[in-house]
Amino acid sequence: MLYFTQAYLLRRRAAGQQLDGPGAIMPLESIGRLLIVGGLIVVAVGLLFLLGSRVPFLGRLPGDFRWQRDGLSVYVPLATSLLVSVVLSVLLTLVFRMMGRGE
């Protein structure tokens, strides 16, 4: 019995299409690595949520805006969002460079 990807590859090969390049199917090794890295990222985000309340300055930075009026409160964590974005960008850049995908 042929799996879906094997049948797809056989059809492409029979039609004379190229099996590598932009339309190629990702090898299982790459999918495995991608799932591991994705899982590690999910674990890291979960730990941030668990430990985020213990970081005293997170959510109370000078650029985080809070307005309260008559039963309505609005909170815009602008500085915290920028800080988290920079930290995640640096971490992901390091991870991708260690995996050999960075330039």
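What you are looking at is a predicted structure, and each value in this text was computed from that prediction instead of being measured.

Quick notes on the rules
- Residues numbered from 1 in each chain as written.
- Predicted model: local features only at pLDDT ≥ 70, side-chain atom pairs only at ≥ 80, totals over all residues.
- Heavy atoms only, no water.
- Patch = residues over 30% accessible without salt bridge, like charges linked within 9 Å, V, L, I, M, F, W, Y side chains within 5 Å.
- Areas by Shrake-Rupley, 256 points an atom, 1.4 Å probe, with all protein chains shown as cover.
- Salt bridge = Lys/Arg side-chain N within 4 Å of Asp/Glu carboxyl O.
- Helix = DSSP H or I, 4+ residues; strand = E, 2+ residues; numbered from the N terminus.
- Buried < 20%, exposed > 50% of the residue type's maximum accessible area, 1.4 Å probe, protein only.
- Phe/Tyr/Trp six-rings, centres within 6.5 Å; stacked < 30°, edge-to-face > 60°.
- Pairing = 2+ DSSP bridges.
- 1 Å grid on protein atoms, 1.4 Å probe; cavity = no way out; pocket = protein on both sides within 12 Å on 5 of 7 lines; lining within 4 Å.
- Points joined across faces, edges and corners; volume = space filled by probe spheres on them.
- Nonpolar A, V, L, I, M, F, W, Y, C, P; charged D, E, K, R; others polar.

Caption draft 1: Main features of a nonpolar patch on the surface. There is a patch of nonpolar side chains on the surface, built from L48, F57, L83, V84, V86, V87, L88, V90, L91, L94 and M98 and spanning about 1000 Å² of accessible area. Along the chain, V86 falls in helix α3 (residues 78–98). Look at V86 and you get exposed, because its relative accessible area is 51%.

Caption draft 2: Geometry of the packing of aromatic side chains. Summed over all chains, the structure comprises 1 aromatic pair. Each ring, one from F65 and one from W67, has its centre 5.9 Å from the other, and the planes form 10°; the classification is stacked.

Caption draft 3: Region of interest: unusual backbone geometry. Even without glycine at this site, D70 takes up a positive phi of about 35°. Its place among the elements puts D70 in the loop between β1 (64–69) and β2 (72–77). A relative accessible area of 85% places D70 in the exposed class.

Caption draft 4: A look at the pairing of β1. As judged from the 6 bridges shared by β1 and β2, these two strands associate in the antiparallel manner. Note that in β2 the partner of Q68 across the bridge is S73. In sequence, β1 turns back onto β2 through a hairpin of 2 residues, with D70 there showing a positive phi of about 35°.

Caption draft 5: Molecular detail of the layout of surface pockets. Space inside the largest pocket adds up to approximately 570 Å³. Around the largest pocket, the lining comprises 21 residues; the ones closest to its centre are A44, L48, V87, L88 and L91. For the lining of the largest pocket, the secondary-structure elements that each account for two or more residues are α2 (28–51) and α3. The biggest single contributor to the lining of the largest pocket is α2, with 9 residues. Within the lining of the largest pocket, the residues separate by chemical class into 19 nonpolar, 2 polar and no charged.

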